[in-house]
Amino acid sequence: MQRAAEREQRDRREQRERRVKGLHRVLVGAGVVPVMLMAAACSSDSGSDEGTTDSSAKTSASASESPSPTVQAAAYAALPEPCKVLAKKTLEDLVPKAKSGKKGSSDDGQSRGSCSWSSLDNNGVKGSQFRWLNVSLLRFDSDVTRGSADKLARDYYETQVQDARSVSGAKNVKSEPVAGVGDEATAVRYDLKKKEGSFKQQAVVARVENVVVTLDYNGAGLAGDKTPSADTLNKLAQKAAKEAVAAVTKANGSGGGSAGTPSSTPSKSASKSPSKSPSGSPSKTASKSPSTSASKKS
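What counts and how
- Residues numbered from 1 in each chain as written.
- Predicted model: local features only at pLDDT ≥ 70, side-chain atom pairs only at ≥ 80, totals over all residues.
- Heavy atoms only, no water.
- Buried < 20%, exposed > 50% of the residue type's maximum accessible area, 1.4 Å probe, protein only.
- Helix = DSSP H or I, 4+ residues; strand = E, 2+ residues; numbered from the N terminus.
- Pairing = 2+ DSSP bridges.
- Contact = heavy atoms within 4.5 Å.
- Axes fitted to C-alpha atoms, helices over the stretch in contact; angles between N-to-C directions.
- Phe/Tyr/Trp six-rings, centres within 6.5 Å; stacked < 30°, edge-to-face > 60°.
- Lys NZ or Arg CZ within 6 Å of the ring centre and 35° of its normal.
- Polar contact = N/O pair within 3.5 Å; in protein donor to acceptor, adjacent residues only side chain to side chain.
- Disulfide = S-S within 2.5 Å.
- Salt bridge = Lys/Arg side-chain N within 4 Å of Asp/Glu carboxyl O.

**Q** How do you make sense of the pairing of strand 8 (residues 211–222) when you look at a structure like this?
**A** The side chains of a regular strand alternate between both faces of the sheet. Most of strand 8 sits inside the fold, with twelve of its twelve residues counted as buried. Judged by which residues are buried, strand 8 turns out to be covered on both faces: Val211, Val213, Leu215, Tyr217, Gly219 and Gly221 on one side and Val212, Thr214, Asp216, Asn218, Ala220 and Leu222 on the other are all buried. As paired elements, strand 4 (residues 128–139) and strand 8 share twelve bridges and run antiparallel to each other. Each residue of the ladder has a partner; that of Leu133, found in strand 8, is Tyr217. Relative to strand 8, strand 7 (residues 197–208) runs antiparallel, the two sharing ten bridges. Looking at the pairing, Ala203 lines up with Asp216 of strand 8. As consecutive antiparallel partners, strand 7 and strand 8 are separated by two residues, and within that stretch Glu209 has a phi angle of approximately 55°, a positive value.

Rendered as structure tokens:
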């Protein structure tokens, strides 16, 4: 009986030991799982940071390789001598008594220029015939901040035409497109009463590439002489404008300069303008001067 009791106690002790060992194994296994999960999470986070860094580096590199902004270069790089854009015969037709042209004081040769002529055919007690002619040239350069030279010239051309159409005191204003003169051209005519007499005003504005040509021409019969024909003056003005545009093209050669080459050089000449008409002449045109228009445009 005693041996049976001892064996029973030994069996119970062994069972308790086995339960304790089993519980220990469960607790150890449970502790391993969080450690493995933490290790996996750290590994995942590390990979994400590396991916973000690589992506940021690629974006930065792409931004640094972006090309600088460019704009189409000006087609024409030069202007002709303004007092030589019209042939001697043309000047004789428009201003028959003119001796020589008066060059504008603010001309710089490369970006702007102007020249004016005046003619007075004095017939004594029978009156006089007065004529005045002014040719202005304005060349635009391309500018990455303001646009291409061609666009700047178109904008200025439109401003000049609008100014010619809206002269204070003008009567019987008429305008018409002029074919065969540069890329685009408009002729504006009107009557203007001055203290010296009634003047027939003509303005022809033409654009060829990045150059704008503005021709102002007027005539009047003074001291009782008859008023000149507006149609005749208009035809002469259009002929002279066509000749001036041809002179611009010739000054730049048949190729027209450096067209096709991108440029990023800021334009200084585009904000400047031709010189104003002589202030002392009785035939001074009442239209807004090219310099006023160019300043507004800039």
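Next comes the rest of the description.
**Q** Would you mind showing me how to read the sheet that holds strand 4 here?
**A** Pairing between sheet strands relies on hydrogen bonds along the backbone, with the strands arranged either parallel or antiparallel. Spatially, seven strands are ordered 2-3-4-8-7-6-5 in an open sheet, and the strand pairing comes out antiparallel. Each end of this open sheet is capped by a strand with a single partner; those strands are strand 2 (102–103) and strand 5 (171–177). Across the sheet, helix 3 (residues 149–165) touches strand 4, strand 5, strand 6 (184–194), strand 7 and strand 8, and the angle it forms with strand 6 is around 25°.

**Q** How should I be thinking about the packing of aromatic side chains in this particular structure?
**A** Two numbers describe a pair of aromatic rings. These are the distance of the centres and the angle of the planes. Taken as a whole and judged by the stated rule, the model has one aromatic pair. When the ring of Phe140 is compared with that of Tyr156, the centres are 5.6 Å apart and the planes differ by 55°; the resulting orientation is tilted. Remark: Tyr156 occurs in helix 3 and Phe140 occurs in the loop between strand 4 and helix 3; sequence separation between them is 16 residues. Across the pair, exposure class does not vary: Phe140 and Tyr156 are buried alike. Lying over the aromatic face of Phe199, Lys194 brings its terminal NZ or CZ to 4.6 Å of the ring centre.

**Q** Whenever I open this one, the environment of Arg207 confuses me. Can you help?
**A** Secondary-structure assignment places Arg207 in strand 7. Residue Arg207 is classed as buried on the basis of its relative accessible area of 7%. Once the C-alpha coordinates of Arg207 and Val181 are considered, the two residues, 26 residues apart in sequence, prove to be 8.0 Å apart. The contact partners of Arg207, leaving out residues within four places of it in the chain, are Asp150, Ala153, Arg154, Tyr157, Gly182, Asp183, Glu184 and Val212. Side-chain polar atoms of Arg207 contact the side chain of Asp150, separated by 2.8 Å. For Arg207, the side chain forms a polar contact with the side chain of Glu184, separated by 2.7 Å.

**Q** It is not clear to me how the state of the cysteines should be interpreted in this structure. Could you clarify?
**A** Here a disulfide denotes one covalent bond, and it connects the sulfur atoms of two cysteines. All told, the structure shown has one disulfide when counted by the stated rule. Each disulfide pairs two cysteine sulfurs, and for Cys83 the partner residue is Cys115, the sulfurs being separated by 2.0 Å. For the disulfide bridge between Cys83 and Cys115, the dihedral angle about the S-S bond is near 95°, and by the sign convention the bridge is right-handed. Pair noted here: Cys83 is in the loop between strand 1 (71–72) and helix 2 (88–94) and Cys115 is in strand 3 (residues 112–122), with a separation of 32 residues, a long-range link.

**Q** Can you help me understand the pattern of salt bridges in this one?
**A** Side chains that carry opposite charge are capable of pairing whenever their charged atoms lie near each other. Tallied over the entire structure, the rule returns twelve salt bridges. For the salt bridge of Glu81 with Lys103, the shortest nitrogen-to-oxygen distance reads 3.6 Å. One end of the pair, Glu81, is in the loop between strand 1 and helix 2; the other, Lys103, is in strand 2, with 22 residues separating them in the sequence. On the accessibility criterion, Glu81 (33% relative accessible area) is partly exposed. Looking at Lys103, the relative accessible area reads 44%, which means it is partly exposed.

**Q** Help me out: how do you make sense of unusual backbone geometry in this one?
**A** Note: most peptide bonds trans; most residues except glycine with negative phi. Although it is not a glycine, Glu209 sits at a positive phi angle of roughly 55°. Mapping Glu209 onto the fold places it in the loop between strand 7 and strand 8. Phi is positive for Ala223, which is not a glycine, with a value near 55°. By the element assignment, Ala223 lies in the loop between strand 8 and helix 4 (230–251). Ala223 gets classed as exposed once you look at its relative accessible area, which sits at 62%.

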